[in-house]
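If you want the building blocks of each chain, they are given just below.
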Amino acid sequence: GFRFTKVYRNGISFRTGLNYSQVNEKFRFTEGNIIQIIYITNTAGDTTGSYEAVSARYKTTHNKFRTIDLPIMIGYEMGNGRWHANINAGGVVNIRSWQKGDVLDKNLQPVNINSNAAPSPYQYRTNIGFGFIGAASVYYKLNDRWHLLAEPYIRYNFTPMSKSELTFKQKYTTTGLRLGVRLDF
């Protein structure tokens, strides 16, 4: 993503911008003790015998939950010389969410949640609303205008990604580390 940060002389900072996020999740489904009856037939089509085969069914899907968000944060920046730190917190407004993967339906069977697929009661929200975000940034000044930055953050969504009519509420609290460059104007 990209953002704009304004730091005032007293150290108070304000930041906003656009941020793309992706949560990756591994969905594994195992259904055991599937009994299959296999019939043996002769060339005339008559059944001459049968036997049972017991097996399991496996499905693994890599779910992806993506968002585009608008963070609005206030903080405090301090530092001298080459090193600076900024502690900030605020709200994050979701502009768009989309998903791809599988979840369990009410019968505990895998069902697709692809946002681009035909409508399904199991599809997730395309907008998850408002959340909280907090971060602590560390900057290393390369020259008068350029800084390297590292920023651990935490984000909490107030609204689940799953729709309200679903009994299973899938809500994420995410943590991460942003790495990048900062350009002072």
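Residues numbered from 1 in each chain as written. Predicted model: local features only at pLDDT ≥ 70, side-chain atom pairs only at ≥ 80, totals over all residues. Heavy atoms only, no water.

Asks: Before we go on, may I ask you to explain the side chain of N19 in this structure?
Replies: Note on placement: N19 falls in strand β2 (residues 12-41). Among the polar contacts made by the side chain of N19, one reaches the side chain of S21 at a distance of 3.1 Å. Discounting chain neighbours no more than four positions away, the residues touching N19 are G1, T67, I68, D69 and R178. (Helix = DSSP H or I, 4+ residues; strand = E, 2+ residues; numbered from the N terminus. Polar contact = N/O pair within 3.5 Å; in protein donor to acceptor, adjacent residues only side chain to side chain. Contact = heavy atoms within 4.5 Å.)

Asks: What's the story with the pattern of salt bridges in this structure? I'm lost.
Replies: Between side chains of opposite charge, pairing is possible as soon as their charged atoms come close. The full count for this structure, using the stated rule, is eight salt bridges. Residue E151 is joined to R15 by a salt bridge in which the shortest nitrogen-to-oxygen separation is 2.7 Å. Separated by 136 residues along the polypeptide, E151 in strand β8 (residues 146-157) and R15 in strand β2 bring together distant segments of the chain. In terms of burial, E151 and R15 fall into one category: buried. One network of salt bridges, in which partners are shared, links R3, R15, E151 and R178. (Salt bridge = Lys/Arg side-chain N within 4 Å of Asp/Glu carboxyl O. Buried < 20%, exposed > 50% of the residue type's maximum accessible area, 1.4 Å probe, protein only.)

Asks: Would you mind going over the confidence of the model for the chain with me for this structure?
Replies: The predicted coordinates ought not to be read in detail in places where the model reports low pLDDT. Looking at the chain, the pLDDT average stands at 90 and 100% of residues meet or exceed 70. Of all the helices and strands in the chain, strand β5 (residues 102-104) carries the lowest mean pLDDT, 87, while strand β7 (residues 130-141) carries the highest, 96. (pLDDT = per-residue confidence, 0-100.)

Asks: What is the right way to look at the sheet that holds strand β9 (residues 173-183) in this model?
Replies: Strand pairs in the sheet, formed through backbone hydrogen bonds, run parallel or antiparallel to each other. The seven strands are arranged β1-β2-β3-β4-β7-β8-β9 in an open sheet whose pairing can be described as antiparallel. Of all strands in the sheet, those bounded by a partner on one side alone are β1 (2-7) and β9. Ignoring strand direction, the axes of neighbouring strands in this sheet form an average angle of 25 degrees. Relative to β2, β1 is paired through six bridges, and the arrangement is antiparallel. When the bridges of β2 are listed, F4 appears paired with T16. (Pairing = 2+ DSSP bridges. Axes fitted to C-alpha atoms, helices over the stretch in contact; angles between N-to-C directions.)

Asks: Sorry if this is basic, but what is going on with the side chain of T174 here?
Replies: Tracing the backbone shows T174 in strand β9. Apart from the residues within four sequence positions on either side, T174 is in contact with V23, Y153, I154 and R155.

Asks: It is not clear to me how the layout of surface pockets should be interpreted in this structure. Could you clarify?
Replies: The probe, sized like a water molecule, is rolled over the atoms to show the empty space still left. In this structure, the largest pocket spans a volume of roughly 970 Å³. As for the largest pocket, its lining consists of 39 residues, of which R3, T5, Y139, L149 and R182 are closest to the centre. Mapped by element, the contributors of at least two residues to the lining of the largest pocket are β1, β2, β3 (47-80), β7, β8 and β9. The element best represented in the lining of the largest pocket is β2, accounting for seven residues. Grouping the amino acids of the lining of the largest pocket by side-chain chemistry returns 18 nonpolar, 11 polar and 10 charged. The space that makes up the second largest pocket amounts to roughly 250 Å³. (1 Å grid on protein atoms, 1.4 Å probe; cavity = no way out; pocket = protein on both sides within 12 Å on 5 of 7 lines; lining within 4 Å. Points joined across faces, edges and corners; volume = space filled by probe spheres on them. Nonpolar A, V, L, I, M, F, W, Y, C, P; charged D, E, K, R; others polar.)

Asks: How do you make sense of the packing of aromatic side chains when you look at a structure like this?
Replies: Two numbers describe a pair of aromatic rings. These are the distance of the centres and the angle of the planes. Inspection of the entire model under this criterion finds six aromatic pairs. Ring centres 5.4 Å apart and planes at 75 degrees place the aromatic pair Y156 and F158 in the edge-to-face group. Ring-pair connections join several aromatic residues into one group, and the members of that group are F65, Y124 and Y172. Against the face of Y153 rests R178, its NZ or CZ located 4.1 Å from the ring centre. One residue, R182, lies across the ring of Y139, its end atom 4.3 Å from the ring centre. (Phe/Tyr/Trp six-rings, centres within 6.5 Å; stacked < 30°, edge-to-face > 60°. Lys NZ or Arg CZ within 6 Å of the ring centre and 35° of its normal.)

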